[in-house]
Amino acid sequence: MKKGLVIKIHNEYAVVLSPNGEVNKIRLRKHLMVGDSIYFEDKDIYIKIKFNKQFRVMAVAMVASIILVFSLVAFNQTITAESYGVITVDINPSLGILIDRNCNVVALEYYNDDARNVVNKKMVGLSLSEALDIVVENAKEKEYLKEDATIVITATMFDGTEHENIIEDEDEDEDENENEFENKSKTKNLLMDNVMANVKTYQQEYHVVVYKGTKEEYEEASVKKISLGRNILNEVSKEVAGNEANAKDSIDDVINKLGIDYEKSDVLVINKSDEKMMVELGEIKEDNSVKRVKQSAFKNKRDIEDKTDENAIEETNIVKDKIGNVVENNIKDKTDNKMIKVTEEEADGKAGDIKSKVDKGAEVVKGKVKDIKGKVEEIDKEIDKEIDKEIDKEIDEEIDEEVDEEVDEEVDEEVDEEVDEEVDEEVDEEVDEEIDEEIDEEIDEEIDEEIDEEIDEEVDEEVDEEVDEEVDEEVDEEIDEEIDKEIDEEIDKEIDEEVDEEVDEEIDRVAEEIKGKAEEGKDRVAEEIKGKIDEGKDKAAEEIKGKVDEGKDKVAGEIKGKAEEGKDRVAEEIKGKAEEGKDEVAGNIKDKAEEGKDRVAEEIKGKVEEGKDRVAEEIKGKVEEGKAKVAGDIKDKAEKGKDKVAEEIKGKAEEGKDEVAGNIKGKVDEGKDRVAEEIKDKDKDKVTKDKDEKERVKDKDKLIEDTKVKVSKRLGR
Amino acid sequence: MRKDIAIEDKNELIKKYMPFIISVTAEVTNKYVSVENSEELSISLEAFNEAIDRYESGKGNLLTYAKTVIKSRLIDYHRKRRKVILLDDCNVIEEGYNMEHDIHNKEELQKYEVILQSYGIGFEQLANCSIKHTKTRERITNLVKSISTDQEIEKAIKSTKRLPITLISKKYFISKSVVKAHKLFIKALLVAVYYQISSVLDWLEI
């Protein structure tokens, strides 16, 4: 898919310009206008067919062959409209010559590729006889046609539909045949005459097979795209020899398979009717009619077949089935009644006649052939010349035109180029010179400037660096070392941060002073050096070094002096301040320490008492809590124990009570009873005994009370 | 293809098959599809969109299906338009706004053709020697861009009507044979620049 801007519309195409700069021609479509921008595809690109000479010939050939194919397909219309009859020639090249009513060639048909090699360019319009001669001659030249080879020629007239036996039989049949001849039109004879006249010449060198076909047979062969001659040969070999000819077999092979011996002087004639097919040998008479000379080859073939082995018999049976009994009967009739009569006796007699006639005829024909050949050659030469001339002219013209165009273009270009080059060269030279001069000047200037700058820079840098480095290093080192050492030694660990800061500040200040002085010195020296450099660069460096050294020494001396002065001063100041500071600080610390002690002691006392009270209270609290808890626990346990013991005692007391009560009751009852009885018994002793008894009761009460006490005691426990 | 297909995917599809859509449109209408404002192309695009929506895997190849849909939509459109034109004959000229531009383009291109002819170049010649190789084409176009402001060369071309091949090759360090091979193209482009053929220059983006 490409985009294109239509820049021109032509009759057949439009020219479009693509955004990438490509220019194409595309085929036209509806509503296309100049200025439109459109999409187009590769398939839309217009391709012009260029007609160069070769292509033109090819195109014509292609068109011609297409027409030919169509004419073969749509046979009825094309052939009958223009042509009157057709002669097919099979050598190995296989072609058909279509003729009109006057036996002139109207068209050619090629049934194989070789056929194209045996025709000349202009065949149409020649007479049939000439055409046949050209074909045979060419075939001979191109070695398709060797000696003893076979030519198959068929002749077909499209308005003669019946098979006609071109062999004249013996006297018996003469009347019939003459009648037939009378019925035929003149042109028909003309065709036959033409063919036979040619055949007569050909048979001197080659074997010739002739067949007269019908339109239907010709069309049948055309459908198969082979010649009628080839088709009929196939049929013959199928029916007579029993095996179909292979399409690749040459004509000679097919004839040989038929197993017929025939000589050059004989013409092999294929005869075919509705009922039978025969291959016969015939002889061409003076008036171009053909007379049978020998027995039918078919008959011979059949005899041979009868004798062959079983396979052959099977094959022949198939053939027999095909041909049918009718054919066999016919053959028998013919062979029995007619052919045998004609055989050997007459043949012997006639052989001499024939030979002499043939010889005579042959000489005449040879003469004629030579004449014809000569004429044909002359004509060919003339034709060739004319063709050559025309072609040469056309080629020359075209070449001239093209060459002229190209030469013009090239000459123009070359002239342009040369002129351009010469002008260029002259201009170049002048330009070069001027440019050279200018460039030289500029270069000189630039180089000078650059050199100066570089020298300046380098000198400056070196001087600066050296001065800086040496001054800095020495000054710094000395100052640092000395200051550090001395100060360090003098001011020892007692000096604290404040002192350090002050010292540093002082040192910085001094260093700055020193630096300032050093820089002042440097600047001065540098200025001096610069001044000297301006006077003379070369000498300057050396002088500068000298001065630098001087300057350095001087500066260093000054610096050293100042540094030492500064150092001493600073050291003394620092010492003084340090001692003052020490005393002051010591006093401060003592005061603060005593204040601190008192304060801390009081604080501690307070805290200790507070602690004591708090601890005592806490202990008391805990003791009481503990007491209370223990007391509670003990009480609880005591009560729990009391309750338990009381219950146990109660239980046991009641058990004991009941038991004792029972025992007591029993004993009381017993005592009562016994007492009562004793009382009763001892009424008399009553008064005396009352007293005893009262005492006893008293004892008993006492006992009871004792037990009661015992029980209560137990209970109480 | 489901209906809920993402719009991004759809756009991607349409983008991918743009050449196909254009090709089908051109085939059906038997016209070249215009780069700017083609109503037919927009109808085809809608139809393609519709085809994506309605396409199911059972319907065979997507493109075949899309082609039928586009075809029928375009035919519908033409049928409808014919009716409209029948109803009011006055508005036969459609896309009137574009006409002016088209006419301007056309006149300019015709002018360009006449000028080119005076330089001995025809459009057909240009088409025949068109540069097929992309890289070469770019190289030559860039060369033309840099030459186009060169007064000296402009003078040379205008006065002699020929391309100063040697001068160009020396000045722009390009081999003579290259310039020579594409002299028509270079000349045509330079002429377009000198005479300000804006439609060509815009198109080529020079």
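Calculation criteria
Residues numbered from 1 in each chain as written. Chains lettered and ligands numbered in written order. Predicted model: local features only at pLDDT ≥ 70, side-chain atom pairs only at ≥ 80, totals over all residues. Heavy atoms only, no water. Helix = DSSP H or I, 4+ residues; strand = E, 2+ residues; numbered from the N terminus. Buried < 20%, exposed > 50% of the residue type's maximum accessible area, 1.4 Å probe, protein only. Areas by Shrake-Rupley, 256 points an atom, 1.4 Å probe, with all protein chains shown as cover. Salt bridge = Lys/Arg side-chain N within 4 Å of Asp/Glu carboxyl O. Pairing = 2+ DSSP bridges. Patch = residues over 30% accessible without salt bridge, like charges linked within 9 Å, V, L, I, M, F, W, Y side chains within 5 Å. Lys, Arg positive; Asp, Glu negative; His and termini not counted. Charge placed at Lys NZ, Arg CZ, Asp CG, Glu CD. Phe/Tyr/Trp six-rings, centres within 6.5 Å; stacked < 30°, edge-to-face > 60°. Lys NZ or Arg CZ within 6 Å of the ring centre and 35° of its normal. Core = buried A, V, L, I, M, F, W, Y, C linked by side-chain atoms within 4.5 Å. Contact = heavy atoms within 4.5 Å. Expected span 1.5 Å × (residues − 1). Buried area = accessible area lost by both parts, 1.4 Å probe. Axes fitted to C-alpha atoms, helices over the stretch in contact; angles between N-to-C directions. Parallel < 35°, antiparallel > 145°, perpendicular 65-115°, else oblique. Nonpolar A, V, L, I, M, F, W, Y, C, P; charged D, E, K, R; others polar. pLDDT = per-residue confidence, 0-100.

Draft legend 1. Molecular detail of the overall build of chain A. Each helix and strand in chain A was counted, giving 14 helices and 13 strands. Relative to its 717 residues, chain A shows a buried fraction of 31%. When the accessible surface of chain A is totalled, it reaches about 48500 Å², and 48% of it is carbon and sulfur.

Draft legend 2. Representation of the overall build of chain B. Tallying secondary structure elements over chain B gives 12 helices and one strand in all. For chain B, the N- to C-terminal ordering of α and β elements is α-α-β-α-α-α-α-α-α-α-α-α-α. Across the 206 residues of chain B, 43% fall into the buried class. Of the roughly 11800 Å² of accessible surface on chain B, a fraction of 54% belongs to carbon and sulfur atoms.

Draft legend 3. Spatial organisation of the pattern of salt bridges. Residues and elements named next belong to chain B. Enumeration according to the criterion identifies 29 salt bridges over all chains in this entry. The salt bridge involving E27 is made with K67; its shortest N-O contact spans 3.4 Å. Of this pair, E27 sits in helix α2 (residues 18-29) while K67 sits in helix α4 (residues 62-87), and the two are 40 residues apart along the sequence. Classification of E27 by relative accessible area gives partly exposed; the value is 42%. The partly exposed category is assigned to K67, whose relative accessible area is 30%. Overlapping salt bridges, with partners in common, bring together E50, R54, R73, D76 and R79 in one network.

Draft legend 4. Focus on the environment of A:V459. Mapped onto the elements of the fold, A:V459 is located in helix α11 (residues 344-490). As for A:V459 and A:K530, which are separated by 71 residues in sequence, their C-alpha atoms are 9.6 Å apart.

Draft legend 5. Here's a closer look at the sheet that holds strand β1 (residues 2-9) of chain A. The strand order across the open sheet formed by five strands is β3(A)-β2(A)-β1(A)-β4(A)-β1(B), and the pairing between neighbours is antiparallel. Bordering the open sheet on either side are β3 (23-27) of chain A together with β1 (33-34) of chain B, each of which pairs with just one other strand. As defined by bridge partners, strand β4 (residues 37-40) of chain A adjoins β1(B) across two bridges and the pair is classed as antiparallel. Across the sheet, the residue bridging to A:Y39 is B:V33, located in β1(B).

Draft legend 6. Representation of the pairing of strand β5 (residues 85-90) of chain A. Residues and elements named next belong to chain A. Burial within β5 is extensive, with six of its six residues counted as buried. Covered by surrounding structure in β5 are G85, I87 and V89 together with V86, T88 and D90, the residues of both alternating faces. Relative to strand β8 (residues 150-157), β5 runs antiparallel, the two sharing six bridges. Each bridged residue has a counterpart across the sheet, and for G85 the counterpart in β8 is M157. Here six bridges tie β5 to strand β6 (residues 94-99), and the two strands are oriented antiparallel to one another. Bridging from a neighbouring strand, V86 pairs with L98 of β6. Taken together, β5 and the strand that follows it, β6, pair antiparallel across an intervening segment of three residues.

Draft legend 7. How the structure looks around the pairing of strand β7 (residues 105-110) of chain A. Bridge count for β6(A) against β7(A) is five bridges, and the pairing is antiparallel. Its bridge partner lying in β7(A), A:L98 is registered against A:A107.

Draft legend 8. Up close: a positive patch on the surface. Residue and element names in this part refer to chain A. Taken together, K381, K385, K389 and K393 make up a surface patch of like positive charges. If you trace the backbone, K393 turns up in helix α11. K393 sits in the exposed class, given a relative accessible area of 58%.

Draft legend 9. Up close: the packing of aromatic side chains. Here the structure, examined in full by the defined rule, presents seven aromatic pairs over all chains. With centroids separated by 4.8 Å and ring planes inclined at 40°, the aromatic side chains of A:Y13 and A:Y46 adopt a geometry described as tilted. Taken together, the residues A:Y13 in strand β2 (residues 13-17) and A:Y46 in the loop between β4 and α1 (53-73) connect sequence positions 33 residues apart. Taken individually, A:Y13 and A:Y46 each receive the classification buried, so the pair is uniform in this respect. With a centroid separation of 5.9 Å and an interplanar angle of 45°, the aromatic rings of B:Y55 and B:Y65 are classed as tilted. Placement of B:Y55 in the loop between α3 (39-54) and α4 and of B:Y65 in helix α4 is noted, with a sequence separation of 10 residues between them. Overall, the relative accessible area of 13% leaves B:Y65 in the buried class. Here a set of aromatic residues connected by ring pairs shows up, and it is made of B:Y17, B:F20 and B:F48. Here the basic side chain of B:K158 rests over the ring of B:Y195, its NZ or CZ set 5.3 Å away from the ring centre.

Draft legend 10. Highlighting the nonpolar core. The biggest cluster of nonpolar side chains holds 44 residues, and the ones touching the most others in it are B:Y112, B:L116, B:L126, B:L163, B:I186, B:L190 and B:V200. In terms of residues, this core owes the most to one element, helix α11 (residues 183-194) of chain B, which gives 10 residues. When near neighbours in sequence (up to four residues on either side) are disregarded, B:L126 contacts A:V23, B:L116, B:I121, B:L184, B:F185 and B:A188. Residues A:A139, A:L145, A:M196 and A:V210 belong to the second largest nonpolar core, which totals 34 residues.

Draft legend 11. Representation of α2(B) within the structure. Residue and element names in this part refer to chain B. Here α2 is 12 residues long and its end C-alpha atoms lie 16 Å apart, about the 16 Å a rise of 1.5 Å per residue gives. Among the residues of α2, those classed as buried are F20, I21, I22, S23, V24, T25, A26 and T29. At the C-terminal side of α2, N30 shows a positive phi close to 55°.

Draft legend 12. Seen up close, unusual backbone geometry. You will see that A:K225, though not glycine, has its phi angle at about 60°, which is positive. You can see A:K225 is positioned in the loop between α6 (215-223) and α7 (228-239). A positive phi angle is found at B:N30, which is not glycine, with a value near 55°. If you trace the backbone, B:N30 turns up in the loop between α2 and β1.

Draft legend 13. Structural view of the interface of chain A and chain B. The interface is formed by 43 residues belonging to chain A together with 40 residues belonging to chain B. For the pair chain A and chain B, the summed buried area comes to about 3800 Å², and 57% of that belongs to carbon and sulfur atoms. In this structure, the connection of chain A to chain B is made through nine salt bridges. A salt bridge links A:E421 to B:K176, with the shortest nitrogen-to-oxygen separation between them at 3.0 Å. For the side of chain A that touches chain B, the secondary-structure elements that each account for two or more residues are β1, β2, β3, β4 and α11 of chain A.

Draft legend 14. Local environment of the side chain of B:K187. Within the secondary structure layout, B:K187 lies in helix α11. Sequence-distant contacts of B:K187, that is, excluding residues within four places in its chain, are made with B:Y119, B:I121, B:K161, B:R162 and B:L163.

Draft legend 15. The packing of α6(A) against α7(A), seen in detail. All names here are of chain A. Viewed as axis vectors pointing N to C, α6 and α7 meet at an angle of 95°, and their least axial separation amounts to 8 Å. As judged from the angle between their axes, α6 and α7 are roughly perpendicular. Every residue of α7 that contacts α6 at E217, Y218, E220 and A221 is listed here: L228, N231, I232 and E235. Along the lines of polarity and charge, the residues of the contact of α6 with α7 split into four nonpolar, one polar and three charged.

Draft legend 16. Layout of the confidence of the model for chain A. Residues and elements named next belong to chain A. In this model, chain A carries a mean pLDDT of 75, and residues with pLDDT of at least 70 account for 76%. Mean pLDDT values over the elements of chain A span from 39, in helix α4 (residues 171-183), up to 89, in β4. Note on residues 161-189: pLDDT under 50 across the span, and 48 contacts to partners over four residues away in sequence or across chains. Residue range residues 299-309 is modelled with pLDDT below 50. Its contacts to residues more than four positions away, or to other chains, number 12 contacts.

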